[in-house]
Amino acid sequence: METPPASRAPSLGRALARSPGDERPGRPPASARGCGCKAEVEARVLVINTGGTISMVPDDKGLTPEANKLVRSLKNMPQLHDEAYAQEKRLYDFHEYPDKTLVLPISKQNKRIIYTILELSPLLDSSNMTPEDWAKIAKKLEEHYEKYDGFVILHGTDTMAYTASALSFMFENLGKTVVMTGSQVPLYELRNDGRANLLGALLFAGQFVIPEVCLYFYNKLYRGNRVTKVDAGSFNAFSSPNLPPLANAEVDIKINWDTVWRANTKKKFRVHTNMNRNVGLLRIFPGITAAAVKAFLQRPIEGIVLETYGSGNAPNNREDLLEELKKATERKVVILNCTQCLRGSVTTVYATGQTLADVGVIPGGDMTPEAALTKLSYTLSKSELSWEGKRQMLSENLRGEMTVVPTGDKISLRDSKFIQVIAKSLSISCKEELEAIRDTLIPPLACAAAKLGDIDALRAIREMGGNLSCEDYDGRTPLHIAASEGHLPLVEYLLMSGATVYARDRYGSTPLTNAIQFRHIEVINLLRETGAHLSSHDLENIGTILCGLAAKGDVDGLYAWYQAGADLEQTGYDGKNPLQVAEATGHTEVLDFFRQ
Ligand SMILES: NC(=O)C[C@H](N)C(=O)O
């Protein structure tokens, strides 16, 4: 999956297009390899194992997940663990969970993915999963959110689409990559799909910032709340009928960055675990009785997903049925309309569909039943919202779970004068080449606009279809530049436009470390509010850095690190802390700062 054949000639698109937000650089050059020209970088991924076929073994009752077996087995699989590297770097000496930590062989992008596997207890066949288990997964991830660059959740395939959908709502303001995966055949069998699925999931979680709950299966990365299990007997078990995959991992990994969902927020990541369980799925069928519908809608039910025919149709000649639905909505039961079809959307083109809207049923667009049910459960648990507020929330696109047709005039790539002029002078007309030009020109343009603090220019770039999380040749994003320059309104605008606070440039800097470097306290505070934090990489040699600032009497520098969350009592290489250094060098302003 990782290595393209050497003989393939680079296309114009491949040569020009650099994926925005691509390839998190992770750590700075820790050691140079081979010729010394390419530095190896590390990323940390947390794997939460919940069970499923991937970790099952046969017993007298059939396949069941076996606890504590996965790490032991993976240690013997060279494709998934490089013991020589672990020994050389004394990985087990430094890690919080030495007996649960593994490391992948070096990837083609020169990344070392160090991963830790934590298991939930008991491991479950996913048919046994409940909303309490979703909450357990969410809390485990929240507990470790700041310590890892990305996350993988191992899960059974049977209800993976439900869990992926539920987690997509439960994770509010998600800024890091979460990839769910599993397998159809246990990883311990000779021929299985578990190894490839786990490897692919780790590579996505460790190398790219795709801030969504994704589902990786059979070489494809999907948006988790768009999938449904469609095949019980194939490795190709999932389908995302209404949204193309976020990425394909074929000879090359190709990420469809335009599709990646971004939280567009200044708020910090948090999990919402208290889902409402008084929800249900009701699939209508020819001849369904009003008594059955009435029974289904009885208290304590608070909301249902009504699975209707075609583009959202139900019989409009069945007064008895419509009466039950109307009575339920009058009792404030929320009814969300989804189609029984695998592909397509609920509309009101037919009179039979309009009738449902008339009795208060909310159109669910092209949501899968799994997404609709979990969205209902999430929305109904928002006790701060009124009934109307909940209905409103259900019709909004919260996590990319439904397709919203954009209103207003969006300037398309082809309409952009600037791109047209360039394309014309280069005699380019095909869509792929236009896109390649766009992706090449947008990073420097967006970074230049960020330097100038020009929000209008960035707005225009965004309207042209440009991604404001794009990186220039050094991996620097507009947010890095705006943070370095201290342009607070621009930082705010970028965050609200989905820019990631976790981007690292090729020198290992994040927008937060740039803001520290240039002492932009308000920017530091805003980035921290949005969830930016110092990682173990940023804190390498922190004691020595702080002592250096104390020795120079640089109070602003110390304050910037303090605001960013650094511990000012760290000691430098000689065992002294910044306060002791200030005392020794007689910097009274630093001493005053520490005494405050
Ligand atoms: N392939 C699988 O993982 C199926 C299994 N029954 C589960 O969902 O846990």
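Residues numbered from 1 in each chain as written. Predicted model: local features only at pLDDT ≥ 70, side-chain atom pairs only at ≥ 80, totals over all residues.

Novice: Please explain the overall build of the chain as it appears in this structure.
Specialist: Scanning the chain from N- to C-terminus turns up 23 helices and 21 strands. Relative to the compact-globule value of 25 Å for 596 residues, the chain shows a C-alpha radius of gyration of 26 Å, a close match. The C-alpha extent of the chain, read off along each of the three principal axes, is 85 × 65 × 60 Å. The contacts in the chain between residues at least 6 apart in sequence include a share of 71% that link residues at least 24 apart. (Helix = DSSP H or I, 4+ residues; strand = E, 2+ residues; numbered from the N terminus. Rg over C-alpha atoms; globule rule 2.2 N^0.38 Å. Contact = placed C-beta atoms within 7 Å.)

Novice: Would you explain the nonpolar core in this entry?
Specialist: In this structure, V45, L202, F204 and C214 are the most contacted members of the largest nonpolar core, which totals 114 residues. The leading source of residues in this core is helix α6 (residues 160–170), at 8 residues. Setting aside chain neighbours within four positions, we find F204 in contact with T177, V179, I210, C214, Y216, L221 and A247. Core analysis: the second largest hydrophobic core is formed by 27 residues, A314, I335, A372 and M402 among them. (Core = buried A, V, L, I, M, F, W, Y, C linked by C-beta atoms within 7 Å. Buried ≥ 20, exposed ≤ 12 C-beta atoms within 10 Å, placed from the backbone.)

Novice: Looking at this model, I keep getting lost on the sheet that holds strand β10 (residues 177–181). Mind explaining?
Specialist: Strand pairing in a sheet is mediated by backbone hydrogen bonds. Such pairs are either parallel or antiparallel. Read from one edge to the other, the open sheet built from 9 strands follows the order β6-β7-β3-β8-β10-β11-β12-β15-β16, with strand pairing classed as mixed. The strands lining the two open edges of the sheet, one partner per strand, are β6 (101–103) and β16 (253–255). Put simply, the sheet's adjacent strands are angled 25° from each other on average, direction ignored. When strand β3 (residues 41–51) meets strand β8 (residues 150–154), the two strands line up parallel, connected through 5 bridges. (Pairing = 2+ DSSP bridges. Axes fitted to C-alpha atoms, helices over the stretch in contact; angles between N-to-C directions.)

Novice: How do you make sense of the UniProt feature "domain: Asparaginase/glutaminase C-terminal" (unreviewed entry) in the chain when you look at a structure like this?
Specialist: When the UniProt feature table is mapped to this numbering, "domain: Asparaginase/glutaminase C-terminal" (unreviewed entry) covers residues 278–392. Span residues 278–392 is 39% helix and 17% strand, its end C-alpha atoms 19 Å apart. (UniProt positions renumbered as here; feature names shortened; annotations may be inferred.)

Novice: Can you help me understand the pairing of strand β4 (residues 56–59) in this one?
Specialist: Put simply, side chains in a regular strand alternate between the two faces of the sheet. Of the strand pairs in this sheet, β4 and strand β5 (residues 62–65) are connected by 4 bridges, and their pairing is antiparallel. Within β5, the residue paired with P58 across the bridge is L63. Adjacent in sequence and paired antiparallel, β4 and β5 are bridged by 2 residues.

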